[in-house]
Each structure stands twice: as structure tokens, then as C-alpha cells.
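# Architecture and fold: a report
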Amino acid sequence: MSRDGRSRTRTYAAGALALLAFATACGDNGGGGTTAPAGTSAASGTPQPAAAAPSSAAATPGAAPAGANAAAWAKWNLTPLPPAPAPPADKPIKLERTGPVPVFSDVKTTDKVVFITIDDGAEKDPKFVEMLTDLKVPISMFLTKDIVKNDYGYFKPLQALGNHIQNHTVDHPVMSKLSPDKQKSEVCDDQAALTQQYGTAPLLFRPPFGDGANTPTLNTAVQQCGPRAVVLWRESMQIHDMQYQAGDKKLKPGDIILAHFRGPKELKGATMTQMFGDLLARIQEQGFSVARLEDYIQAPAS
Ligand SMILES: [Zn+2]
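The notes below deal with the structure included here. Here the structure is a predicted model, which means the values were calculated and not measured.

## As for the environment of Ile 139
Structurally, Ile 139 can be placed in the loop between helix H3 (126-135) and strand E4 (140-143). In this structure Ile 139 comes out as buried when scored by relative accessible area, which is 1%. Taking the C-alpha atoms as reference points, Ile 139 and Val 290, separated by 151 residues in sequence, lie 8.5 Å from one another. Those residues in contact with Ile 139 that lie beyond four places of it in its chain are Ile 116, Ile 118, Phe 128, Leu 132, Asn 163, His 164, Phe 276 and Arg 292.

Quick look at the structure:
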């Protein structure tokens, strides 16, 4: 009897994951309260790997990208991340046009990359647009209609940088508590609004809190509304550090990271750009670059 150990992309630990997700995603927790049990405490003590002095932006005039890049990162007091490798020609995740949608929280790749996803859309800080314009770090945005509808326009310059807009329901419910019809309208109505506003239909869906991700009801709702995959995560950004599902608290190639559009009210006074800068620093310390999630996913042939 061979055990099927290869479906790494499927999340079978639904219960545990949902619990963890509930604690970390979009919730009220400001980052401290929910830390994992056995606690050598978080990475505050991690030694900085004394990397390239930021001031050595000895940008030779011709060396455009690297030099300009270093200056942009220095502006935000950050050490540049290694450049991401070229997107794989053969995509690790291939989506089908019909049938059940896959559920994944990471991408099978040996590239030393991670993917950043940012959810909900509450905080609309112009400084964050400036930061991403400077740094060109790819993100995927999972937007909730009722949270973004007061200013759809905020996300357009972020989209113009090449970042994709994805589906995260109309009003951020706990999906498994809803009837099948209501689950469907949560996905379909967000899909319609985002498609209308941003001119392109979301390919991916993320349920609030990760809840219900592996239920047939949710899967059916997603199929009926257009997205072709359910995307979860491996790490969840808090204020200064990530909460890891892995016991070793280390990033792995292909991990999907969850963050939120949050501001000082949710971040104990920290701003969106401080949070995001800290996220990039944690990624940089571990030697990863950030790639675009959609570059590792093959959309269905239409
Ligand atoms: Zn959310």
C-alpha cells in the first residue's frame, strides 16, 4: 500500500490550518498574542548577517539596474534582495479550465524565491505605492469588495506595476458558516466587482482566514465564479516578523507569505511601509528573493 505523499500542494491538515489561519489572518491579533507553543522567542535576536554596506552604492554610471536599485533600497533603509530568477518556462502549477480547483499554500520550485500576497485592502497608504514603485517587489493583492470599494483607485497604480488583483470575497465572512448560495455570491460578486474595476478577472481566490478552503462547498462556489485555484499561505506577516507554520521558522523555496494592507491602528503604531520593510528584511536575511506568484502559475488555456 503506497501512501500518497506527493500532494504537497494540497493542504490536508485543514483543521489545524484553519485554526492557525484563523489566529493569524485578517483578525484582531496584533502579532504578539498567538505565537506558537514551544517558544524560543521570535527572531528578534537573529544576528544580522552583516551584508553589503548600503552606502556602497558605488553605482558606476553604466550599471543602471543594480545601481539604481541599490539607491532605491537605501532610500527605504533596506538591503536589496537578490534579483529573482527568470520566471520558469514550465510552470509548476498548471490550472485547468474546468473541474475542481486545486488548493495550495506553496509552489513546488527549487528557486530560492518566496511570494508575497497582501489581503483585504483596508489601509490605503500612498507611501506604500511610492515604496513599491521604487522597489518593484512583486505582490499579489487579494481584495475584499466592501473594504476597497471606497477607493478602488488606490490599487490601480499597484496593478500598473504588474501586480495582479485576486478575489477575497465581498465582506470577509467565515465561509464555512454560510449556505452554498451565499458562499457563491461572496465569490461571484467580488469577482464581478474586481473584474469591472480592474479590467481583468481574478484567477485566484483566497477565503478569509483560510476557512473552508478544503470543503467541497467552497470549491464548488469558486468553480462557479471564475477563479481557478484557492491560495493559502505558509507564513503570515505580523508587525515586525512572520508567524511560520513550519516548526523551524524558516522560509522554504516556493513559500507563499500572507500580509495585509494595514496601518498604525492595526500595527501598534507601525505604518504599512514599516511593516513591509520589515517583511523584506526578514526575507533578505534568509537569502530569498521575491518572485511573482502568477509567474509560476499557468492559467488555463482559454
Ligand atoms: Zn482577509
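Further notes follow.
## Brief notes about the state of the cysteines
Overall, the coordinates contain one disulfide when judged by the stated rule. Shown here is the disulfide that connects Cys 188 with Cys 225, its sulfur atoms set 2.0 Å apart. Residues Cys 188 and Cys 225 are joined by a disulfide whose S-S torsion is about -90°; by sign, that bridge is left-handed. You can see Cys 188 sitting in helix H6 (residues 180-198) and its partner Cys 225 sitting in helix H7 (residues 216-225), a full 37 residues away along the chain. Given the relative accessible area of 10%, Cys 225 is considered buried.

## Structural notes on the side chain of Gln 183
Mapped onto the elements of the fold, Gln 183 is located in helix H6. Side-chain polar atoms of Gln 183 contact the backbone oxygen of Met 175, separated by 3.0 Å. For Gln 183, the side chain forms a polar contact with the main-chain oxygen of Leu 178, separated by 3.2 Å. In this view, Gln 183 contacts Met 175, Ser 176, Leu 178, Thr 217, Leu 218 and Ala 221; residues no more than four positions away in its chain are not counted.

About the cut-offs
- Residues numbered from 1 in each chain as written.
- Predicted model: local features only at pLDDT ≥ 70, side-chain atom pairs only at ≥ 80, totals over all residues.
- Heavy atoms only, no water.
- Helix = DSSP H or I, 4+ residues; strand = E, 2+ residues; numbered from the N terminus.
- Buried < 20%, exposed > 50% of the residue type's maximum accessible area, 1.4 Å probe, protein only.
- Contact = heavy atoms within 4.5 Å.
- Disulfide = S-S within 2.5 Å.
- Polar contact = N/O pair within 3.5 Å; in protein donor to acceptor, adjacent residues only side chain to side chain.

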